[in-house]
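As a plain string of letters, each chain reads:
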Amino acid sequence: MELAKAYDPKSAEENHYKRWEESGFFRPEINQDPNAKKYSIVIPPPNVTGSLHMGHALQHTIMDVLTRWKRMQGYKTLWLPGTDHAGISVQRKVVEQLRKDENKSPLDIGREEFIQRAWRWKEQYGNTITEQMRREGASVDWTRHRFTMDESLSLAVRNVFCTLYDEGWIYRGLRIVNWCPKDKTVLSDLEVKEETKKDGKLTYLKYPVIGTDETVTVATTRPETMLGDTAVAVSPSDERYKHLVGKTIALPLTNREIPIVADEYVDAEFGTGAVKVTPAHDPNDYLIGQRHDLEQLLIMDDSGKMNAAAGEEFVGLDRFVARAKVVEMFEELGLLEKVDDYEITLPVCERCKTIVEPILSEQWFVKMDEMRDMALDLMRDEGVPHFSPQVPHEKVYTAWLENLKDWTISRQLWWGHQIPAWYDEDGNVFVGRTEAEAVEKSCGKTLKQDSDVLDTWFSSGLWAFSTFGWTAQGDAADFSDDLEDFLPTDVLVTGRDIIFLWVSRMIMLTKKFTGQKAFEDVVITGTVLGKDGKPMSKSRNNGVDPIEMFDKYGVDATRIYLASIATGADIKWNDTGVEMYRNFANKIWNATRFCLMNSEGIAVDHASLMADDMPLPDKWIVSRLNKTAMDVNKALDKYEFHTAVSLLYHFFWDDFCDWYIELKKDEINGGDAASTTRIITILEIAIRMLHPFMPYLTEDLWLKLPGISSELHNAAYSEAAATVMLTSFPPGDAAAIDERAEREMDAVIDVIKKVRNIRAEMNISTAIKFTVHIAADAGVQEVFRANEAQILKLAKAEALVIAAELDVPRASAKAVTNDARLAVPLEGLIDFDVERTRLNNQITKLTEEKTRLDGQLSNANFVDRAPAEKVTELRDRSMELEAN
RNA sequence: GCCGUCUUAGCUCAGUGGUAGAGCACUCGCUUCACACGCGAUAGGUCACAAGUUCAAAUCUUGUAGACGGCACCA
């Protein structure tokens, strides 16, 4: 068979995925071994509004490597795909579309119509990422694709909500929450990001104390909130203010009078020592308000504009306009003490960057204390989940859990899971799985459903088991076969940004509702940074599109490059890294091309590698192959993908291509059937090992190999059509590791390298052949004699003289290896002055090393305490240098 | 403020106590019949800095500097 001269990734990528998918190769059912162990991964569901970015590509690569590896090992394997309904993001897209196309607001069309539009939007645009995943070669079971708003997953959400409510883990309450005035919804703490503003102001306001001519100065970064002040607080131990506690302030710009209270929260050392208290607009003030039974005065509406409570002059003003106006009016009143520049960090909405307003609002919350304890116990008692890398994630995870606050789960959106709570006219709440159930609970009243939906992460939190069909219908848990087979999942692969948002919640909710672990292991990937070393982002415009990389270098090259990053480490994207693996793919292609050129009448035959009478290079490569296979498996077991990649790269390129093919070339070109069978067989095994990383290339090549048949398949997949996907992953055989062959081969390789080195150093043209003299122990001499032809060919030498001692003219180039001394008599074609300088430099270097070694060896401490083999090693090296 | 990670060859990165590694780039030589996305051979690092532990430190401890991340606070 003749292959093209270079590998073209496109054709391989186009030829195989569809067939794999349509043949059901990705489905666990393809495994027909009734005793097969199960292996499962659920995908972190990408957002339906998203498209593939490098972070996905990295995580998907790792998940696919694990899945393909385990599948080949004979596990009944499921990688379950899906998408997330992304409440706020989709809502915003649909609102935008509505405004642009029809100049309408959601209120114009109503909730029902809006939700229909959102579904339409999702159908139309929500599949971008799933199509891109096909391009990646992701071996997910598409027949099990889930969406967080699928019927069964929605049912799970309702059931979980009701159970948690019934057990008192979910409550509704008035709390200070993070409010985004643009999205007009509450946000959880995790959806709020801090942004540092250097141009912030700290405004000092003077409040007159009634019945005195004193004023109390308070400082604030949000002057407009003074309109909602209902007290001023000072430290109980602050002598400066002691006489004022209990007195009343005439709050400027309002006609309200507010008390001065003493509260431990206030730090006398900080600022002026007096704090304005706005219970409806600040979390700390809220707590002070609770302690002193203060009024909670809400002065803003849901869009961040001042409401009637703020007073006639302010109503309708945006909060920032009101801020300026308050400062201005204080100045006019002579009550503005000063305005300082102040660096401040502001909470902003993670998605739209609007400054978040803390606001008093009635919302639904999940009480986290008991769930937190469950998760902490799991970690303490069983070490689950085991993070890779363990440091620092385990510690960060644990620390976060220990300080966990209640979780705000209601969102003022229409797109999502509407909260299964209904109210009667008096505002009494009835929670039920259906409206009928709620009505029944209310004894037949007319009810209205809560208009809010649940946080998207609430449904994502059920992902580890809701995807397997868990709905907990009624009171009896509904255990589907999938749930039984695949929960707990084996590993979760994700980025560190959602450890809290998603991973931790999934652990807690899975434990609570199924009694199971969501997953044993968590692999936390690093961040792929832009070429500037900063995280990729639209605003920085430093993003690298995976699809472009696929087009430029091929999917396989991109995948294996991503897999070559140390687990958990950040990496700056660099094209040359991918290019390296593009070249590697081409190398594999061409090595196969060479093997196939001579393969007529040859078939892959694993028995061919078992023969006892193989020549040294064959014994050696079989040993290297098995050692590599064992080490690759070990590395993958530990989630050390980069180690596995490095092992495969060096085995294939250095051992197989640079040495084995070169050593065997003459035999193979000469039509030696036994040699050709062996090289094809070794190639076949190597291709299988590479498959999880480079699925397209390996499938393309494997199908071209002569003599592949269903007999080579993993027994679990007896009825599968031919594909490398369903072969067995080489486990490596310790018995096939031949240390002696490796030592002998190293001796041969060293000699060849030294001769090449001499040729290059002496500037001797490859056209000139010369005789190489080798001196070695008798056993080693035999090795050189047995491999004389190979040495002559690769060293481009004419003849070998092998003996116990070197017998050469003085004008010879000499070299030493671990096992031999060698010399090339020089016929005087070199410049002796140049050569002398070079040698002098080398002597200096070696002398330095010897001095250091001898120093170590003469140190009694070292000789006594260091392991014996280490001492011997150094002694040998010292003697070797002496010999030079 | 607290916790944590990183700092190794020009570039991008491996390397968790025992002679400093890879790929790319650079230099030299090869149209060698699988591959120039290639082959062969060099050159290039007081492993951020300082102190300590050890016979032995890139590797362990402590401190310093720089880069970054998480959490808290922010009147």
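Above this text sits the structure in question.
Numbers given for residues are sequential positions, taken from 1 along each chain in its written order. Here chains are named by letter from A upward and ligands by number from 1 upward, in the order in which they appear as written. Residue-level local features of this predicted model are given only where pLDDT is at least 70; pairs of side-chain atoms are given and counted only at 80 or more, and the full residue set underlies all totals for whole chains, interfaces and linings. As a rule here, side-chain values cover all heavy atoms of the structure and leave hydrogens and water aside.

(A) Looking closely at the environment of Glu331. Comment: elements are numbered from the N terminus, with helices defined as DSSP H or I runs of at least four residues and strands as E runs of at least two. Locating Glu331 in the fold gives a position in helix 9 (residues 319-333). When the C-alpha positions of Glu331 and Leu205 are compared, they lie 9.2 Å apart, and in sequence the two are 126 residues distant.

(B) Up close: the state of the cysteines. Cysteine sulfur atoms are paired as a disulfide whenever they fall within 2.5 Å. A complete count under the given rule lists zero disulfides for this structure. The cysteine Cys349 is free of any disulfide, with Cys352 supplying the nearest cysteine sulfur at 3.6 Å. No disulfide involves Cys352; its sulfur sits 3.5 Å from the nearest other cysteine sulfur, which is in Cys180. Only protein chains enter the accessibility calculation, which uses a 1.4 Å probe; a residue whose area is less than 20% of its type maximum is buried, one above 50% is exposed, and one in between is partly exposed. On the basis of relative accessibility, which here comes to 17%, the residue Cys352 falls in the buried class.

(C) Inspection of the sheet that holds strand 15 (residues 386-388) at higher detail. The three strands lie next to each other as 15-23-22, forming an open sheet whose pairing is parallel. One side of each edge strand has no neighbouring strand; the edge strands of this open sheet are strand 15 and strand 22 (489-495). On average, adjacent strands in this sheet sit at an angle of 20 degrees to one another, irrespective of strand direction. In this structure, strand 15 lies alongside strand 23 (residues 519-525), joined through three bridges in parallel fashion. The residue of strand 23 that forms the bridge with Ser388 is Val523. The contact rule is simple, with two residues in contact once any of their heavy atoms fall within 4.5 Å. Think of each axis as a best-fit line through the C-alpha atoms, taken over the contacting stretch in the case of a helix, with angles from 0 to 180 degrees between the N-to-C directions. In the packing of helix 11 (residues 390-402) onto the sheet, contacts are made with strand 15 and strand 23, and the angle to strand 15 comes to roughly 135 degrees. With respect to the sheet, helix 16 (residues 499-514) is in contact with strand 15, strand 22 and strand 23, its orientation differing from that of strand 22 by roughly 165 degrees. Two strands are counted as paired when DSSP detects at least two bridges linking them.

(D) Up close: the pattern of salt bridges. In the sections that follow, a salt bridge refers to a side-chain nitrogen of Lys or Arg positioned within 4 Å of a carboxyl oxygen of Asp or Glu. Considering all chains together, one arrives at 59 salt bridges under this definition. Here Lys517 ties to Glu382 by a salt bridge, and the two come within 3.2 Å at their closest N and O atoms. Separated by 135 residues along the polypeptide, Lys517 in the loop between helix 16 and strand 23 and Glu382 in helix 10 (residues 369-382) bring together distant segments of the chain. Exposure remark for Glu382: the relative accessible area of 44% places this residue in the partly exposed category. The partner of Asp570 in a salt bridge is Arg496, and the shortest N-O contact between them spans 2.5 Å. Placement of Asp570 in the loop between helix 18 (555-563) and strand 25 (571-572) and of Arg496 in the loop between strand 22 and helix 16 is noted, with a sequence separation of 74 residues between them. In this structure Asp570 comes out as partly exposed when scored by relative accessible area, which is 38%. Overall, the relative accessible area of 34% leaves Arg496 in the partly exposed class. Through salt bridges that share partners, Arg27, Glu29, Asp141, Arg144 and Asp482 make up one connected network.

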